[in-house]
Amino acid sequence: MKNKPILNEEEKTNRTIRRKTIVSFTVLFAGFALAFGAWRWIGNQEKENEQPKLLRSVLNINEKVNNLFFSENHLAKEYPKSEAVKVARVNGDVGMGEEFNPLLWKLTVNRHHENASDTAFQLTAKDIKALPKREVIFNFKCIEGWNQITHWGGARFSDFMEKYKLGTHSGKAPDINHREDLYKYAALLTPDSAYYVGIDMKSMMHPQTLLCYELNEQPLPADQGYPLRLIITIKYGIKSLKRIGYIYFSDTPPPDYWHKQGYDYDAAL
Amino acid sequence: MKRIIKKQPLAIRWFHWLNFPILAIMIWSGILIYWANDVYWIGFGDTTLLKFFPDSFYKALNVPFHLSNGMAFHFVFMWLFAINGLLYVGYTLISGEWKYLVPNRHSFKEAWQVVLHDLHISKYKPMQTKYNAAQKIAYTSIILMGFGSLITGLAIYKPVQFGWLLQLTGGYEWARIEHFALTIGYVLFFIIHIAQVIKAGWNNFSGMVRGFEVENIKKTEVDQEAVRETET
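All values derive from a computational prediction rather than experimental measurement.

## Re the overall build of chain A
Working step 1: Counting its regular elements, chain A contains six helices and twelve strands.
Working step 2: In terms of overall dimensions, chain A is more spread out than a globule: its C-alpha atoms have a radius of gyration of 27 Å, far above the 18 Å expected for 269 residues.
Working step 3: Each principal axis of the C-alpha atoms in chain A carries an extent, and together these give about 110 × 45 × 40 Å.
Working step 4: In chain A, which comprises 269 residues, the proportion classed as buried is 50%.
Working step 5: Total accessible area computed for chain A in this model is approximately 14100 Å², and 54% of it derives from carbon and sulfur atoms.
Working step 6: Distance from the positive charge centre (36 side chains) to the negative charge centre (32 side chains) of chain A: 7 Å.

The following block contains the structure:
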């Protein structure tokens, strides 16, 4: 009689152990199977700009989150001249084809979008150099992971917009108090249109964003985009387009070379 | 007969097993990113002892030319890694589990004794509660490392908008090195962790799955206990 309740207790414990072991290991293996299935599912998903749709939609959310932290007052750190490299690394040559005569170069600007007629005009290097000259010595960051302190000179893109009354629907000079009048994006293309970037207006109007014509106080070398390139300190180097041929403005995101190949659209730092 | 000894709470088991695939994806996608500028090595002067990483390693894992894919996965799963980690820390704080996990001033000496014991150098095994001192240090460090990965990762990800974090981590290049070194740390942790789990055996392992260990007690002991219980 004395042993009976203990035996029952034993049986109860054994059952509990068996049940909990089966349930928990089943959940674990089912979880792993589910995770593997999800992994395969993501991999086989339809792609949007070279990334599975699910990833792309989260990357788009990331851009919105990043915008919450964005401020025009956040500047890329600047360095003394002595820290700048003597020879800046050349990393890409898309859009830098040999059929290009810098002597005949003109910058074509369309006040509105790409296909709007009668609103395009041309500028020369002289026009850009007539704008106030700014210099920036910052840590240039490539999306590949390398970085280099480089020294650039040119005109602020915001000064360029101001002078030529660009980037607004109304055709007036941009006014911070009338943000609704501003286009949402600027597009820049090489003369052969082989390389192209789209950049949000806030970043284009950032005080360190330059239409750049000098490197280390000398005219840009050919492979650095002579006669005119973009330098945008708050983006990865893929956005600092070399050899600008065309600029236009748009409310929808203009096509972007590396975005199409699977990278973030904003490439913001 | 068998006795159930409660081990890991349900929440901790979930955080632990969720972290496993998430961290694996973070490390894999991190390697895809690192490949595009794989400049780190260990050595001295002109002698390279270890290159991160050899080409054979890249080839075996199909790493080359997947930078954008790596970035996409990394910047999606970073959310899960962060959220799971923060929930774990929040849980240990609220539940009081942290008391078993956080080392105290004796832990470092005891951890050394544990290491000597585990390596069969010494027979002395210090007293332990839920975790021994070496475990406390390891499990607390890994959380600090996770936190370090978030900080250094954010500093590299948005070095201008989070310029203050970049300053804190010693600048862009240092932040990248730290982020990389922490990942190597996870891999080393993983290797030791697996070795210890194998050494500790099935019962201990299932503690992290079903939440308890099973202790076999002799019938006579049970009887004695029952007698003792009736006596008191």
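Here the narrative resumes.
## Let's talk about the interface of chain A and chain B
Working step 1: With 47 residues of chain A in contact, the opposing surface of chain B contributes 45 residues.
Working step 2: Interface of chain A and chain B: buried area, both sides summed, is about 4000 Å²; carbon and sulfur atoms make up 69% of it.
Working step 3: When the buried area of chain A at its contact with chain B is split by residue, F25(A), W39(A) and L269(A) rank highest and sum to 13% of it.
Working step 4: Run the count over chain A and chain B and you get zero salt bridges.
Working step 5: Inspection of the region where chain A meets chain B yields ten residue pairs in polar contact (both at pLDDT 80 or more).
Working step 6: When residues of the side of chain A that touches chain B are traced back to their parent elements, those giving at least two are α1 (4-44), α2 (53-69) and β5 (133-141) of chain A.

## Thoughts on the nonpolar core
Working step 1: Judged by nonpolar contacts, the single largest core of 101 residues is most densely connected at L107(A) and F160(A).
Working step 2: Ignoring anything within four residues of it in the chain, the contact list for F160(A) reads L107(A), V109(A), L123(A), I128(A), L131(A), L166(A), L211(A) and I247(A).
Working step 3: In this structure, I12(B), F15(B), Y131(B) and V209(B) belong to the second largest nonpolar core, which totals ten residues.

## Section: the packing of aromatic side chains
Working step 1: One pass over the full model with this rule turns up 42 aromatic pairs over all chains.
Working step 2: With a centroid separation of 5.1 Å and an interplanar angle of 75°, the aromatic rings of W39(A) and W28(B) are classed as edge-to-face. Residue W39(A) is found in helix α1, and its partner W28(B) is found in helix α1 (residues 10-35); the two belong to separate chains.
Working step 3: Note on W28(B): relative accessible area 26%, which makes it partly exposed.
Working step 4: Their ring planes at 55° and their centres at 6.2 Å tell us that F15(B) and Y91(B) sit as a pair that is tilted. With F15(B) in helix α1 and Y91(B) in helix α3 (residues 67-95), this pair connects stretches of sequence that are 76 residues apart.
Working step 5: Residue classification places Y91(B) among the partly exposed residues on the basis of a relative accessible area of 25%.
Working step 6: Three or more aromatic residues joined by ring pairs make a cluster, and in this case those are F25(A), F29(A), F32(A), W17(B), F20(B), F190(B), W202(B) and F205(B).
Working step 7: A cation over an aromatic ring shows up here: K239(A) above the ring of Y265(A), its NZ or CZ 4.5 Å from the ring centre.

Rules used in this analysis
Residues numbered from 1 in each chain as written. Chains lettered and ligands numbered in written order. Predicted model: local features only at pLDDT ≥ 70, side-chain atom pairs only at ≥ 80, totals over all residues. Heavy atoms only, no water. Helix = DSSP H or I, 4+ residues; strand = E, 2+ residues; numbered from the N terminus. Rg over C-alpha atoms; globule rule 2.2 N^0.38 Å. Buried < 20%, exposed > 50% of the residue type's maximum accessible area, 1.4 Å probe, protein only. Areas by Shrake-Rupley, 256 points an atom, 1.4 Å probe, with all protein chains shown as cover. Lys, Arg positive; Asp, Glu negative; His and termini not counted. Charge placed at Lys NZ, Arg CZ, Asp CG, Glu CD. Contact = heavy atoms within 4.5 Å. Buried area = accessible area lost by both parts, 1.4 Å probe. Salt bridge = Lys/Arg side-chain N within 4 Å of Asp/Glu carboxyl O. Polar contact = N/O pair within 3.5 Å; in protein donor to acceptor, adjacent residues only side chain to side chain. Core = buried A, V, L, I, M, F, W, Y, C linked by side-chain atoms within 4.5 Å. Phe/Tyr/Trp six-rings, centres within 6.5 Å; stacked < 30°, edge-to-face > 60°. Lys NZ or Arg CZ within 6 Å of the ring centre and 35° of its normal.

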